[in-house]
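# Structure at a glance
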Amino acid sequence: MRTDRRAMLLGLGAGLLAPPLQARPRAALPRLTSADFRLVVDRIDSPEGIAALPGGGAVFSTNGAAIGLWRPGAGTSLLGKPGGTGGVAVDREGRALLASVGLLHNQPGPLRRIDLTTGASEVLVAELEGRELVASNCPAAARDGVVYCSHSGWTIGNIGTTKAEGFIYACWPDGRAAVVARGLRGANGLCLSPDERRLYCALTAEGRVMSWRRRPDGTLDQPRYEGPALGMVKDDQPASEIRALPQAERSRTGYCDGLAFDARGNLWVTLPFANRIVAITPVGRLVEVVSDPAGTMIDMPTNLAFSRDEVLIVARGSSRIVGARLG
């Protein structure tokens, strides 16, 4: 650990617990059951991330290629060489952004980009501050061309890691890259608010979501927690211990992963070990969207995306993507 937890909290200051800048009306949320979901893509090799495509469909991560591509009515295809892809996003040009969690595969962990038409691939960020990246986790692309990416840490830690060595870095259109937020426990899923004024990050080990204001130059400030704690978490709890919990207890865990805003401004959050999806409303209220303790359809949900009138969820535990229509 290179960042003292107490010093990090003091440095963030009172802004962590600050309420949203202004109250917004409550937004309606669906209450889904496992029966509302259908199979979209099956038999994926270790899926993790997913991002919607502008014209419909989605890209998703798989160990079988650099990226998987699904379009309604056209089936799936694989593109590029495998690279330990975790989270994915789509930039303003319609290209896929791939975060490589290389640490889990004994290889580097850069941020890459791939053209979905030509298959041309390039590395956007491979190192920062003189150190090779090893665990880029999830990217998020702004309309102004700035790309953000979480980096979970430098070592393979427990799910509830107390090492606040995670960070977020940014890559600008001119090729510059820099760390823009530090001292994070289990920095994981990223997404931008609909107006792109704030960047949100799932802090897996804390079971909380944190956000930052985006400054005009793309850097971040004014960090704060969003909504309440998402469930039970335990310092330095390993994945094997979480999986061994009784089903009822495991379904109350708050270890979070993927984030996405719906059309009404609700922030949906996946809780993989709990087999649950929750949402934080615009006024900070926590609402359960779907719970599937037995994992019949929502089996270890890692990431989600909204494609037209459907929510798509990566069910990593059953190696598939499932979807549910939204009213």
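Residues numbered from 1 in each chain as written. Predicted model: local features only at pLDDT ≥ 70, side-chain atom pairs only at ≥ 80, totals over all residues. Heavy atoms only, no water.

Looking now at the overall build of the chain. Broken down by element type, the chain carries three helices and 26 strands. Taken against the 2.2 N^0.38 rule, which gives 20 Å for 327 residues, the C-alpha radius of gyration of the chain at 18 Å falls within 12% of a compact globule. Put simply, the chain has 327 residues, and 56% of those count as buried. Carbon and sulfur atoms form 49% of the exposed surface of the chain, whose accessible area is close to 14000 Å². (Helix = DSSP H or I, 4+ residues; strand = E, 2+ residues; numbered from the N terminus. Rg over C-alpha atoms; globule rule 2.2 N^0.38 Å. Buried < 20%, exposed > 50% of the residue type's maximum accessible area, 1.4 Å probe, protein only. Areas by Shrake-Rupley, 256 points an atom, 1.4 Å probe, with all protein chains shown as cover.)

Now for the sheet that holds strand S3 (residues 58-60). Where strands meet in a sheet, backbone hydrogen bonds hold them as pairs that are either parallel or antiparallel. As summarised here, the arrangement of the four strands in space is S2-S3-S4-S5, forming an open sheet in which the pairing is antiparallel. Only two strands of the sheet have a single partner each, and these edge strands are strand S2 (50-52) and strand S5 (75-79). If you compare each strand with its neighbour and ignore which way they point, the axes differ by 20° on average. Sheet topology note: the S2/S3 ladder contains three bridges and is antiparallel. Residue pairing across strands places alanine 52 opposite alanine 58, the latter belonging to S3. (Pairing = 2+ DSSP bridges. Axes fitted to C-alpha atoms, helices over the stretch in contact; angles between N-to-C directions.)

What follows is about the layout of surface pockets. Reported here for the largest pocket is a volume of approximately 1200 Å³. Looking at the largest pocket, it is lined by 43 residues, and the ones nearest its centre are Ala52, Leu192, Ala260, Phe261 and Phe306. Only S2, strand S6 (85-90), strand S12 (136-141), strand S16 (187-192), strand S20 (259-261) and strand S24 (301-307) provide two or more residues apiece to the lining of the largest pocket. Split by residue class, the lining of the largest pocket holds 29 nonpolar, five polar and nine charged. (1 Å grid on protein atoms, 1.4 Å probe; cavity = no way out; pocket = protein on both sides within 12 Å on 5 of 7 lines; lining within 4 Å. Points joined across faces, edges and corners; volume = space filled by probe spheres on them. Nonpolar A, V, L, I, M, F, W, Y, C, P; charged D, E, K, R; others polar.)

Counting residues in each nonpolar core, the largest one holds 21 residues, and the members touching the most others are Tyr148, Ile168, Leu190, Leu199 and Trp212. Only S12, strand S14 (166-171), strand S15 (177-184), S16, strand S17 (198-203), strand S18 (208-214) and strand S19 (220-226) provide two or more residues apiece to this core. Once residues within four sequence positions are removed from consideration, tryptophan 212 is found in contact with Ile168, Ala181, Leu184, Arg197, Arg198, Leu199, Cys201, Leu220, Asp221, Gln222 and Pro223. (Core = buried A, V, L, I, M, F, W, Y, C linked by side-chain atoms within 4.5 Å. Contact = heavy atoms within 4.5 Å.)

Scanning all chains against the criterion turns up 20 salt bridges. Notably, a salt bridge pairs aspartate 174 with arginine 176, separated by 2.8 Å at the nearest N-O pair. One continuous salt-bridge network, built from bridges that share partners, spans Arg31, Arg276 and Glu288. (Salt bridge = Lys/Arg side-chain N within 4 Å of Asp/Glu carboxyl O.)

Before going further, it helps to examine the environment of isoleucine 277. Structurally, isoleucine 277 is set in strand S22 (residues 276-280). Classification of isoleucine 277 as buried rests on a relative accessible area of 0%. In this structure the C-alpha to C-alpha distance between isoleucine 277 and valine 290, which are 13 residues apart in sequence, comes to 5.3 Å.

All right, on to the pairing of S12 then. Note on strand geometry: in a regular strand, side chains alternate between the two faces of the sheet. The element S12 is extensively covered by neighbouring structure, given that six of its six residues are classed as buried. Pairing geometry for S12 and strand S13 (residues 147-151), over four bridges, is antiparallel. Looking at S13, one finds that proline 139 is bridged to cysteine 149. Here S12 hands over to S13 after five residues, with glycine 145 in that stretch at a positive phi of 100°.

Okay, the sheet that holds S14 next. Reading across the sheet, the four strands line up as S12-S13-S14-S15 and stay open at both edges, with antiparallel pairing between neighbours. Each end of this open sheet is capped by a strand with a single partner; those strands are S12 and S15. This sheet shows a mean twist of 20° between the axes of neighbouring strands, independent of strand direction. As defined by bridge partners, S13 adjoins S14 across five bridges and the pair is classed as antiparallel.

Turning to unusual backbone geometry, a few remarks are in order. Phi is positive for arginine 43, which is not a glycine, with a value near 55°. Summarising the element assignment, arginine 43 is placed in the loop between strand S1 (38-41) and S2. Look at glutamate 196: it is not a glycine, yet its phi comes out positive at around 60°. In this fold, glutamate 196 is placed in the loop between S16 and S17.

By convention here, two paired aromatic rings are described through the distance between centres and the angle between planes. Applying the stated rule across the entire model yields five aromatic pairs. Taken together, a centroid distance of 6.3 Å and an interplanar angle of 50° make the contact between phenylalanine 167 and tyrosine 169 tilted. When sorted by exposure, phenylalanine 167 lands in the same class as tyrosine 169, which is buried. Measuring from centroid to centroid gives 4.9 Å for tryptophan 268 and phenylalanine 306, while their planes differ by 90°, and the two rings are edge-to-face. (Phe/Tyr/Trp six-rings, centres within 6.5 Å; stacked < 30°, edge-to-face > 60°.)

Right, let's talk about the side chain of threonine 270 for a bit. As for its position among the elements, threonine 270 is in strand S21 (residues 267-271). A relative accessible area of 0% places threonine 270 in the buried class. Ignoring anything within four residues of it in the chain, the contact list for threonine 270 reads Tyr255, Cys256, Asp257, Gly258, Arg276, Ile277, Pro301, Thr302, Asn303 and Leu304.

Let us look at the side chain of asparagine 188. Tracing the chain through its elements places asparagine 188 in strand S16. When its relative accessible area of 10% is taken as the criterion, asparagine 188 is described as buried. The contact partners of asparagine 188, leaving out residues within four places of it in the chain, are Asn137, Cys138, Ser150, Cys201, Ala202, Thr204, Cys256 and Asp257.

Interpretation in functional terms is not warranted from these geometric data alone.
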